[in-house]
Amino acid sequence: MNLNFDTAHSSHASMVTPGNRLLANLPEDDLAQLEACCETIDAEVGDVLFEPGQTIQHVYFPIDALVSLLAVAEGRMTLEVGSVGREGMIGASAALGNDEAQVRAVVQRAGRALRMSAAEFAARAGRMESLQHLLHRYTDTLLAQAIQIAVCSRFHVLEARLARSLLVTRDRLQSEKFHLTHEFLAHSLGVRRVGVTKAASALQNQKLISYSRGNIEILDSNGLEAVSCRCYDLVKDR
């Protein structure tokens, strides 16, 4: 997977900034300053924004794209420790004194995002009190999410974990229908594909979801929440 943005579709950010809810929390003047430094890009499924150990060159504010944050062990084993949609950003640590990526950030759903130089973002954050407060609150939320997912991965059965992951994806995308392959879910949950197949079949047999060739539809949200572990509610509340 490689980063392959179509810059031909780039445009000034002011047309789409309201789509990112994190930026929408900034005062108008501060928001205008950040807008002037952003460009809009199209991100495709599988695009890697950065890998662990790489220097963060850009920060991203999803508009309708969804990005998965994967912890990587021994270069190949992965576990999703968070996901970011229009409620957040990718690369926030660059403004907090750490410009080395700790996770793999890979596009889970194609869409638009705002892109900004990490160096410029850090400089703006150093002078912008409203942005500093926002970043501290947001990074605290990401940390809490990662801790909860780690607990979930250690103590809860795969079926409940899959239900939690599907519900979180639904909330991020605000849609009952989305596309997730067995391979991607296996990488996210840190299990083999056969495990995902069995867990998805169990949910489908209970008529909670419909799953065919990666196309997922949640048929019974309440039922899926009942099957999911309490981690879903804790992550959602955050």
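Residues numbered from 1 in each chain as written. Predicted model: local features only at pLDDT ≥ 70, side-chain atom pairs only at ≥ 80, totals over all residues. Heavy atoms only, no water.

For the protein chain, the name recorded in an unreviewed UniProt entry is Crp/Fnr family transcriptional regulator, with [Empedobacter] haloabium as its organism.

Visitor: Which residues make up the UniProt feature "domain: Cyclic nucleotide-binding" (unreviewed entry) in the protein chain, and what values go with them?
Guide: Cross-referencing UniProt, the feature "domain: Cyclic nucleotide-binding" (unreviewed entry) maps to residues 22-110 in the present numbering. For residues 22-110, helix accounts for 9% and strand for 39%, while the C-alpha atoms at its two ends are 19 Å apart. (UniProt positions renumbered as here; feature names shortened; annotations may be inferred. Helix = DSSP H or I, 4+ residues; strand = E, 2+ residues; numbered from the N terminus.)

Visitor: Could you give me a rundown of the environment of valine 191, with the residues and numbers involved?
Guide: The topology assignment puts valine 191 in the loop between helix H5 (182-189) and helix H6 (193-205). Given a relative accessible area of 26%, valine 191 falls into the partly exposed group. (Buried < 20%, exposed > 50% of the residue type's maximum accessible area, 1.4 Å probe, protein only.)

Visitor: I'd love a proper account of the sheet that holds strand S8 (residues 177-179), names of residues and values included.
Guide: The strand order across the open sheet formed by 3 strands is S8-S10-S9, and the pairing between neighbours is antiparallel. Here the strands that pair on one side only, and so sit at the sheet edges, are S8 and strand S9 (209-212). On average, each strand axis in the sheet is tilted by 15° relative to the strand beside it, whichever way the strands run. As defined by bridge partners, S9 adjoins strand S10 (residues 215-218) across 4 bridges and the pair is classed as antiparallel. Following the sheet pairing, tyrosine 211 is matched in S10 by isoleucine 216. (Pairing = 2+ DSSP bridges. Axes fitted to C-alpha atoms, helices over the stretch in contact; angles between N-to-C directions.)

Visitor: Describe the pattern of salt bridges, with residues and values.
Guide: Scanning the model with the defined rule gives 7 salt bridges in all. The closest approach of N and O atoms between arginine 124 and glutamate 120, which form a salt bridge, is 2.8 Å. One end of the pair, arginine 124, and the other, glutamate 120, are both in helix H2 (residues 118-127), 4 residues apart, so they sit about a helical turn from each other. Within the structure, one salt-bridge network assembled from shared partners comprises Arg170, Asp171 and Glu225. (Salt bridge = Lys/Arg side-chain N within 4 Å of Asp/Glu carboxyl O.)

Visitor: Help me get a handle on the nonpolar core, residues and values and all.
Guide: Within the largest apolar cluster, 40 residues are counted, with the highest numbers of intra-cluster contacts made by Met89 and Phe121. A total of 5 residues in this core trace back to one element, the largest contributor, which is helix H3 (residues 129-155). Apart from the residues lying within four places of it in its own chain, the contact partners of phenylalanine 121 are Leu34, Val59, Phe61, Met89, Ala95, Met116, Leu131 and Leu135. Within the second largest apolar cluster, 29 residues are counted, among which are Leu70, Leu167, Phe178 and Leu224. (Core = buried A, V, L, I, M, F, W, Y, C linked by side-chain atoms within 4.5 Å. Contact = heavy atoms within 4.5 Å.)

Visitor: Which residues make up the packing of aromatic side chains, and what values do they have?
Guide: Under the counting rule described, the total for this entry stands at 1 aromatic pair. When the ring of phenylalanine 61 is compared with that of phenylalanine 121, the centres are 5.8 Å apart and the planes differ by 65°; the resulting orientation is edge-to-face. Taken as a pair, phenylalanine 61 in strand S3 (residues 58-62) and phenylalanine 121 in helix H2 lie far apart in primary sequence, 60 residues in all. Judged on exposure class, the residue phenylalanine 61 and its partner phenylalanine 121 are both buried. (Phe/Tyr/Trp six-rings, centres within 6.5 Å; stacked < 30°, edge-to-face > 60°.)

Visitor: Tell me about helix H1 (residues 28-35), residues and numbers included.
Guide: For H1, every residue scored as buried is listed here: Asp30, Leu31, Leu34 and Glu35. End-on view of H1: buried residues confined to an arc of 140°, all on one side of the axis. What points out from H1, more than 90 degrees from its buried face, is the exposed set Glu28 and Asp29. Looking at the buried residues of H1, the elements they touch are strand S7 (111-117), H2 and H3. (Arc of directions from axis to C-beta.)

Visitor: Give a description of the side chain of arginine 124 that names residues and reports values.
Guide: What makes arginine 124 buried here is its relative accessible area of 18%. For arginine 124, the residues in contact, after removing those within four places along its chain, are Gln33, Leu34, Cys37, Met116 and Leu131.

Visitor: Describe the sheet that holds S3, listing the residues and the values that go with them.
Guide: Ordered in space as S1-S7-S3, the 3 strands form an open sheet in which the pairing is antiparallel. The open sheet has two edge strands, strand S1 (39-43) and S3, and neither has a second partner. Strand-to-strand twist in this sheet, taken as the mean axis angle between neighbours without regard to direction, amounts to 40°. Looking at chain direction, S1 and S7 are connected through 5 bridges and run antiparallel. What sits directly across from alanine 43, in S7, is glycine 111. Here H2 sits on the sheet in contact with S3 and S7, set at roughly 70° to S7.

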